[in-house]
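Analysis of the macromolecular model
Below are the chains, spelled out letter by letter.
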Amino acid sequence: MTRRTLLHLPIAAAGLAAAESPARYDEKLRPQFHFSPATGWTNDPNGLVFYKGQYHLFFQHNPFDVKWGNMTWGHAVSTDMVHWKQGDNVLLPDKLGTMFSGSAVVDWTNSSGFQTGEDKPIVLFYTAAGGTSPESKGQPFTQCIAYSSDGGKTFTKYAGNPVVPNIVGENRDPKVVWHAPTRRWVMVLFLDGNTYGFLTSPDLKKWTLFQKISIPKTSECPDFFEMPVENEPGVSKWVFTGANGNYLVGSVDGRRFEPEVMTQAVQEGANYYAVQTFSDLPGNRRVQMSWMSGGQYPGMPFSQQMSVPYEFRLRKHGYASYKIFATPIREVEALRGTPKTWSDVALKPGENPLAGIAGDGWDIVAEIDPGSAREVGFRLRGRTVTYRSNEKGRNNTLETGGKSAPLALNAGRVKLRILLDRSSIEIFGNDGELAMPFCFIPEDGAGLELLTTGGEAKVVSLKMYPMTSIWRA
Ligand code: FRU
C-alpha cells in the first residue's frame, strides 16, 4: 500500500452521514461473497483466530467515516470463514493511541494466567498508535494486549499495557505464534523501512527482542508460521511474510529464523495487502486473508473489502526452492449454484458462447487449450482477463488490470479459476501457481464474454457457477 498519513487524522464530518446510513448489503458495489463492514471504513484484517467452532475476523475500522482514521478494531464471526456476522467493536481508541493492526492466539496452556473458567484465554495483540489522536498526544507507538476469558464474546484490555515499549519510530503490527520446540511465544513486529523484529515471551506479557531481519520490497504487517512441505513427507519449513504477501521460506535454527529461499510474491494482482493467516485452525490448515486495498466505492455506505480466504500449500518447486500455492478455501464452493457447463467446444474469433448470460457473482472454472489463438480469455462486466500464448520469444502470460504474469501451459492446457464479485475479481492460474486479486468497478451494462483472437482455441471444459450472497443465507 502507499502509506496513509498516520498522524492526527481528523474524523471528517462529511463522511458521517454516509457511514451511519443502515447497510442493505445489496448496494451496487457491495461485495456479495467478500467481507465488508456494514458501514464505515476497513483496512487490515486483524486477530484472525479459530476457537470452539468460531472463526474470528477483527478488522481495522473507522466506524464514523468511509475514510481511514479513528482506528478501532471491528469484529465479525463465522462458522465457515465465508459467512460473517459483524458484532460490536472490540478495541476502541484510548489514551495510549488509536488501535492499529495486530493478531490473536488461543493461549492453550494459560501461560498468561488470564483463564478464569472453562474457556482458554483468547489474547489479542495490537499496536497503540500514540500521537494519532488528541487523547494520545505525545505517546509513542507501543504494543499492547487484550484478552477474552469467555471464548471471544468480550475482551478486556490488560492493565499492564503496553507489553512492548517503543523500539523504534512507528513500530507496529505484532503477530504472535507458538514455537513448540522452545515452548515460547514468538512475536514478529514491523520496525522500520524493510526491517522486522523477532521477540520471545514465556507468558505473552514479558517480551525480549532477539533477532532482526530485512525483507526487500515489503514493510508493515508481518506474519510467521510453519508449514509442512506437501511433496516432501516429514519436512516442514517456516514462512515469513510482509504486508504485500512477499515471503521468505526458511528454517528455525534453535530460535533464529534462517531464510533459505529468495523473496517470492504470493500474488501478482494490484489489491492485496496487510496479509494475515489464521491462528489455531483445525486440521493443520494455513489460510490467509488480506485487505483488497485501494478499491473505490463511490456512493457506498462502506469502503474497502477483504479477499476471500486463500488456502496455502507449500511445495518443493524446482531445485532447492519452496513455493506457496494459493487457492480459495473449499468452503467458498458451498456458495455455488447450478453451473452452466461446456466441454470440448471449439472457439473461433468473433464467437461468444456466454452471450446473453446475466449475473454479477460467479465462480468460473475453465480449462483451455489455446490452440492457434494469440489471445484467449474473458471479458467480464468490462474487465478483460487474457491468456496470451504462441508469441515467439515470449513467455505465455496472464494479463489483466494492467498487470501481467507468466503462466505456463501443462500438456497444452491452462487452468483458470475466477471469482467475480460486484467490485472485485480474483484470478487463480493452474491450481494455485498464480493468484491475481483486483478490485474493479464494473462497466454499466457490460455482460460476459469468452473470446479468442488470432486463431481457434479449444474450451476443454468450462463451468460457470452463479454465486449465492453470503448476506442472504
Ligand atoms: C497497514 C497499516 C498497518 C497499520 C494499520 C493502520 O495497512 O498501515 O501498518 O497498523 O494499517 O490502520
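The present account deals with the structure reproduced in this document. Keep in mind it's a predicted model, so treat the numbers as computed, not measured. (Residues numbered from 1 in each chain as written. Predicted model: local features only at pLDDT ≥ 70, side-chain atom pairs only at ≥ 80, totals over all residues. Heavy atoms only, no water.)

1. A closer look at the overall build of the protein
Looking only at helices and strands, the protein features one helix and 32 strands. Since a compact globule built from 473 residues should have a radius of gyration of about 23 Å, the 23 Å found for the protein is in line with a globular shape. With the C-alpha coordinates aligned to their principal axes, the bounding extent of the protein is approximately 70 × 55 × 40 Å. Here the protein holds 473 residues, and 58% of them are scored as buried. In the protein, 59% of the contacts between residues at least 6 apart in sequence involve partners at least 24 apart. Carbon and sulfur atoms make up 50% of the accessible area of the protein, which amounts to about 18500 Å² in all. (Helix = DSSP H or I, 4+ residues; strand = E, 2+ residues; numbered from the N terminus. Rg over C-alpha atoms; globule rule 2.2 N^0.38 Å. Buried < 20%, exposed > 50% of the residue type's maximum accessible area, 1.4 Å probe, protein only. Contact = heavy atoms within 4.5 Å. Areas by Shrake-Rupley, 256 points an atom, 1.4 Å probe, with all protein chains shown as cover.)

2. Some points on the pattern of salt bridges
Pairing between side chains of opposite charge can happen when the charged atoms of each approach one another. This model, assessed by the stated rule, comprises 29 salt bridges. Note that D26 is salt-bridged to R472, the shortest N-O span being 3.9 Å. Here D26 is found in the loop between α1 (13–20) and β1 (40–51), whereas its partner R472 is found in the segment after β32 (457–466), with 446 residues between them in sequence. Taking relative accessible area as the criterion, D26 reaches 37% and is therefore assigned partly exposed. As a salt-bridge pair, R394 and E391 come within 3.4 Å of each other at their nearest N and O atoms. On the basis of relative accessible area, R394 is assigned to the partly exposed category, the value being 42%. Classification of E391 as partly exposed rests on a relative accessible area of 22%. Each member of the salt-bridge network shares a partner with another, and the members are E375, R388, E391, R394 and E399. (Salt bridge = Lys/Arg side-chain N within 4 Å of Asp/Glu carboxyl O.)

3. Some remarks on the environment of K415
Structurally, K415 is set in strand β28 (residues 414–420). Excluding anything up to four places from it in sequence, K415 contacts A366, E367, F428, G429, N430 and D431. Here the side chain of K415 touches D431 through a polar contact of 3.0 Å, side chain to side chain. (Polar contact = N/O pair within 3.5 Å; in protein donor to acceptor, adjacent residues only side chain to side chain.)

4. Some thoughts on the layout of surface pockets
One number sums up the size of the largest pocket: a volume of about 530 Å³. Lining the largest pocket are 28 residues, and of these V177, W178, S279, D280 and R286 lie nearest its centre. Every element with two or more residues in the lining of the largest pocket is listed here: β5 (98–106), β9 (172–179), β13 (223–228) and β14 (236–241). For the lining of the largest pocket, the class distribution of residues is 16 nonpolar, five polar and seven charged. (1 Å grid on protein atoms, 1.4 Å probe; cavity = no way out; pocket = protein on both sides within 12 Å on 5 of 7 lines; lining within 4 Å. Points joined across faces, edges and corners; volume = space filled by probe spheres on them. Nonpolar A, V, L, I, M, F, W, Y, C, P; charged D, E, K, R; others polar.)

Nothing here speaks to function; it is geometry throughout.
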